[in-house]
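# Summary of the model geometry
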Amino acid sequence: MNHAIPHRFPIGIDPGDIDFMGHVNNASYLKWVQEAVLDHWRALAPSDAIAKHLWVALKHEITYRKPAFLEDDVIATVLVEKVQGARAFYETVIRRGEEVLAEVKSSWCCVDATTMRPARIARDVIQRFFPADESE
């Protein structure tokens, strides 16, 4: 399971994202990553898994490459690197066209929506994020 399905998430830049320097505030990137990762989950997971599980961010490591501006067309590409127990490790790359604006490594904990305790994701759900390798 090493060929994850990339998920493209279009980002809308709002006037509230712009800081005193005229470009997107660093805090907005965190909001975008959270929206993109959760959209990735909703796009690929079955509806029963979505209803039973929530995701909590544990860690974000952001490398900023270039600033983004109000009129930019920005896309976040999300890729789950691995799932281990109740944790998932993601890479998100935020681009304007071919230009990389930011690279984000993040880890997330899956929690049961009822108990709010960490919960492992079923193997058949995880496999939806990693298509079968054609050589297998």
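The shown structure was predicted, so the numbers you read here are calculated from the model rather than taken from an experiment.

About the thresholds
- Residues numbered from 1 in each chain as written.
- Predicted model: local features only at pLDDT ≥ 70, side-chain atom pairs only at ≥ 80, totals over all residues.
- Heavy atoms only, no water.
- pLDDT = per-residue confidence, 0-100.
- Helix = DSSP H or I, 4+ residues; strand = E, 2+ residues; numbered from the N terminus.
- Core = buried A, V, L, I, M, F, W, Y, C linked by side-chain atoms within 4.5 Å.
- Buried < 20%, exposed > 50% of the residue type's maximum accessible area, 1.4 Å probe, protein only.
- Contact = heavy atoms within 4.5 Å.
- Phe/Tyr/Trp six-rings, centres within 6.5 Å; stacked < 30°, edge-to-face > 60°.
- Pairing = 2+ DSSP bridges.
- Salt bridge = Lys/Arg side-chain N within 4 Å of Asp/Glu carboxyl O.
- Axes fitted to C-alpha atoms, helices over the stretch in contact; angles between N-to-C directions.

Okay, the confidence of the model for the protein chain next. Reading predicted coordinates in detail is not appropriate for stretches of low pLDDT. Model confidence for the protein chain is summarised by a mean pLDDT of 93, while 95% of its residues fall at 70 or above. Averaged pLDDT values over the elements of the protein chain bottom out at 92 in helix α3 (residues 123-126) and peak at 98 in strand β5 (residues 99-112).

With that settled, consider the nonpolar core. General note: in soluble globular proteins, nonpolar side chains tend to be found buried as a group. Residues Y29, W41, W55 and I94 are the most contacted members of the largest nonpolar core, which totals 34 residues. If one sorts the elements of this core by residue count, helix α1 (residues 26-44) sits on top with seven residues. What I94 contacts, discounting residues up to four positions off in sequence, is I11, Y29, W32, V33, V74, I75, A76, E99, V100, L101 and A102.

Looking now at the packing of aromatic side chains. Throughout the structure, instances matching the rule amount to four aromatic pairs. Centroid distance Y29 to Y64: 5.2 Å. Interplanar angle 80°. Geometry classified as edge-to-face. A residue pair is termed long-range when its members are at least 10 positions apart, and Y29 in helix α1 and Y64 in strand β2 (residues 53-64) qualify at 35 residues. Residue Y29 is classed as buried on the basis of its relative accessible area, which comes to 2%. Of the residues examined, Y64 reaches a relative accessible area of 35% and is grouped as partly exposed. The interplanar angle of 10° and the centroid separation of 5.9 Å between the aromatic rings of W41 and F129 together place this pair among those described as stacked. Within this pair, whereas W41 is found in helix α1, its partner F129 is found in the segment after α3, the two being separated by 88 residues in sequence. Aromatic rings pair up to connect Y29, W32 and Y64 into one cluster.

What follows concerns unusual backbone geometry. Of note in the backbone geometry, M116 takes a positive phi value of approximately 60° without being a glycine. For M116, the position within the fold is in the loop between β5 and α3.

Turning next to the pairing of strand β1 (residues 7-11). Within a regular strand, the side chains alternate between the two sheet faces. Burial along β1 is one-sided: H7, F9 and I11 are buried, while R8 and P10, pointing the other way, are not. Relative to strand β3 (residues 74-84), β1 runs antiparallel, the two being bridged by five bridges. What sits directly across from I11, in β3, is V74.

Turning our eyes to something else, we now look at the pattern of salt bridges. Going through the model one piece at a time under the given rule, you end up with six salt bridges. In this structure, R96 and D72 form a salt bridge, with 2.6 Å as the shortest nitrogen-oxygen distance. Of this pair, R96 sits in strand β4 (residues 87-96) while D72 sits in the loop between β2 and β3, placing them 24 residues apart in sequence. Side by side, R96 and D72 carry an identical accessibility label, which is buried. Here E81 makes a salt bridge to K105, at a shortest N to O gap of 2.6 Å. With a gap of 24 residues between them, E81 in strand β3 and K105 in strand β5 connect regions that are remote in the sequence. A relative accessible area of 40% places K105 in the partly exposed class. Through salt bridges with shared partners, a single ionic network connects K66, D72, R96 and E99.

So, on to the sheet that holds β1. Within the open sheet, the five strands sit side by side as β1-β3-β4-β5-β2. Their pairing is antiparallel. Only two strands of the sheet have a single neighbouring strand rather than two, namely β1 and β2. Here the average twist between neighbouring strands, direction ignored, is 25°.

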